[in-house]
Amino acid sequence: MATTEHSVGFEPADRLAQDRESVRRRFWVKFMKVVARVPFAEDLLAAYYCAFDRQTPRHVQAALLGAIAYFILPFDFIPDVLPVLGFTDDAAVLATAIRMVASHITPEHREAARAALKRGVPENAE
C-alpha cells in the first residue's frame, strides 16, 4: 500500500484494517474498557455492525474497518488516556468514515447498537 500525503500517519490502522478477525477481536477488548468514557459509543457500534454485515458493500466495509482500526490502535494522534481530549481524534476519524458511508448504516445496525448498549454486554462480543 503506497503512502500518499492523505494517508500519512494512518499506515498502522490501514494494515490492521486488512485483518478483519484481528479488528473484531481487538475491538471488543478496547470497547468494553472504554465504553463509559466514549460519547460516540452508539455510532461506533453501529459502524462496527455495518462493517461486519455481509450485505454491506466491500468499499463501505473497508472505510469503516479503517476507522474502527484507528480506534483500537494502542497509540494515535491524541492519547486516549487524556481526559476530555483523548477520544477526539478517534471521534473525528469515525465521523468522517460514517459521513462517507452513512446511507449504508441501516436502522437495523443502529438498533443493534442501542440494544447492545442497553444490555451492557455486546451480543456478538468474542
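Just above, that's the structure.
Draft legend 1. Main features of the pattern of salt bridges. In the structure shown here, the tally under the stated rule is 4 salt bridges. Residue Arg 114 is joined to Glu 42 by a salt bridge in which the shortest nitrogen-to-oxygen separation is 3.1 Å. Here the residue Arg 114 occupies a position in helix α6 (residues 107-119), and Glu 42 occupies one in helix α3 (residues 41-51), the gap between them amounting to 72 residues. A salt bridge links Asp 43 to Arg 110, with the shortest nitrogen-to-oxygen separation between them at 2.8 Å. Here Asp 43, found in helix α3, pairs with Arg 110, found in helix α6; they are 67 residues apart in sequence, far enough to count as distant.

Draft legend 2. Up close: α6. With 13 residues, α6 ought to run about 18 Å at 1.5 Å a step, and its terminal C-alpha atoms sit 18 Å apart, in line with that. Regarding α6, the residues found buried are His 109, Ala 113 and Ala 116. Looking down the long axis of α6, one finds its buried residues gathered within 65° of arc, a one-sided arrangement. Along α6, the residues that are exposed and aim more than 90 degrees away from the buried face are Pro 107, Glu 108 and Lys 118. The inward-facing, buried residues of α6 abut α3. The positive-phi residue at the C-terminal boundary of α6 is Gly 120, with phi of around 85°.

Draft legend 3. Spatial organisation of the packing of aromatic side chains. Enumeration according to the criterion identifies 8 aromatic pairs in this entry. Residues Tyr 48 and Tyr 49 carry aromatic rings whose centres are separated by 5.7 Å and whose planes lie at 75° to one another, so their mutual orientation is edge-to-face. Grouping residues by exposure puts Tyr 48 and Tyr 49 together as buried. On the basis of an interplanar angle of 45° and a centroid distance of 4.8 Å, the ring pair of Tyr 48 and Phe 52 is categorised as tilted. Residue classification places Tyr 48 among the buried positions, given a relative accessible area of 1%.

Cut-offs and rules
- Residues numbered from 1 in each chain as written.
- Predicted model: local features only at pLDDT ≥ 70, side-chain atom pairs only at ≥ 80, totals over all residues.
- Heavy atoms only, no water.
- Salt bridge = Lys/Arg side-chain N within 4 Å of Asp/Glu carboxyl O.
- Helix = DSSP H or I, 4+ residues; strand = E, 2+ residues; numbered from the N terminus.
- Expected span 1.5 Å × (residues − 1).
- Buried < 20%, exposed > 50% of the residue type's maximum accessible area, 1.4 Å probe, protein only.
- Arc of directions from axis to C-beta.
- Contact = heavy atoms within 4.5 Å.
- Phe/Tyr/Trp six-rings, centres within 6.5 Å; stacked < 30°, edge-to-face > 60°.

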